[in-house]
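# What the coordinates show
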Amino acid sequence: TYIYFYKTDFLYKLLNLLGFQNDIIILLLSNRFFIYFVITSIILFLIYYFNKSNFTINYSKYKKMNLENLKKMDWEDFEEMIKIIYEKKGYRVQRIGGHGSDGGIDLIIKKGLKTSMIQCKRYSGNVGVKIVREMYGLQMHHKFHEVYIYTSASFTKEAYKFINGKKMHLVDGAKILKEINKYL
């Protein structure tokens, strides 16, 4: 019984520090399952805290990336990789794309007061001006600050001409590889 009271005394002080009222604390501490839940949660937190390296994501697979691998990459992995790059750049990232229609928006990125969109095109061939125009329409409709279009390939000359003077960025496979080396 001494150990039981010792644990409940610790939990009583902890719950009191968290702002719980005495009658609620006594009610919670009278339930053994609550006590076991709290102790288990603390143990799991400590395991996580002291073994953080086991919970980190291994980005080494991206370091080996080349243009050919980029073009063969699964579209979901391609989107996820771009998402990770923007998280590393300090953006808050929301993934919209996935199975089904995403309306042309794969990722929404936020930094400060600016909200922008990203469209990911894992292609073998060049991305043409038609797609770039569609993304510009989405930018105007949703009032995004900027648009980023990522492709594993490249863009046509017409696509580059179209973005002149617009807050649009075309990122081809070679630029993606530079971002991978810089951020991952």
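Residues numbered from 1 in each chain as written. Predicted model: local features only at pLDDT ≥ 70, side-chain atom pairs only at ≥ 80, totals over all residues. Heavy atoms only, no water.

## Regarding the nonpolar core
Where we set the bar: Among buried residues, those of type Ala, Val, Leu, Ile, Met, Phe, Trp, Tyr and Cys that are joined through side-chain atoms within 4.5 Å constitute a nonpolar core. Under the scheme applied here, a residue whose accessible area is under 20% of the maximum for its type counts as buried, over 50% as exposed, and between as partly exposed, the area being computed with a 1.4 Å probe on protein chains only. Only DSSP runs of H or I reaching four residues or more are called helices, and only runs of E reaching two or more are called strands; each is numbered from the N terminus. Contacts were defined at the residue level, with two residues in contact if any of their heavy atoms lie within 4.5 Å.
Within the largest apolar cluster, 23 residues are counted, with the highest numbers of intra-cluster contacts made by Met-81, Ile-82 and Ile-180. Secondary-structure elements contributing two or more residues to this core are helix H6 (75–88), strand E2 (107–111), strand E3 (114–121), strand E4 (147–151) and helix H9 (173–183). Ranked by residues supplied to this core, first place goes to H6 with six residues. Those residues in contact with Ile-180 that lie beyond four places of it in its chain are Tyr-62, Lys-63, Met-65, Leu-70, Met-81 and Ile-85. Judged by nonpolar contacts, the second largest core, of 18 residues, contains Ile-105, Met-117, Val-127 and Ala-159.

## Here's the deal with the packing of aromatic side chains
Quick reminder of the rule: Classification of ring pairs rests on two measures: the distance between centres of Phe, Tyr or Trp rings, Trp counted by its six-membered ring, which must be within 6.5 Å, and the angle between planes, read as stacked under 30 degrees, edge-to-face over 60 and tilted in between.
For the structure shown, the criterion picks out five aromatic pairs. Between the aromatic rings of Tyr-86 and Tyr-150, the centroid separation amounts to 6.0 Å while the plane-to-plane angle is 85°, which identifies the pairing as edge-to-face. Of this pair, Tyr-86 sits in helix H6 while Tyr-150 sits in strand E4, and the two are 64 residues apart along the sequence. Residue classification places Tyr-86 among the buried positions, given a relative accessible area of 2%. Pairing Phe-155 with Tyr-160 gives two aromatic rings, centres 5.9 Å apart and planes at 80°, and the pair type is edge-to-face.

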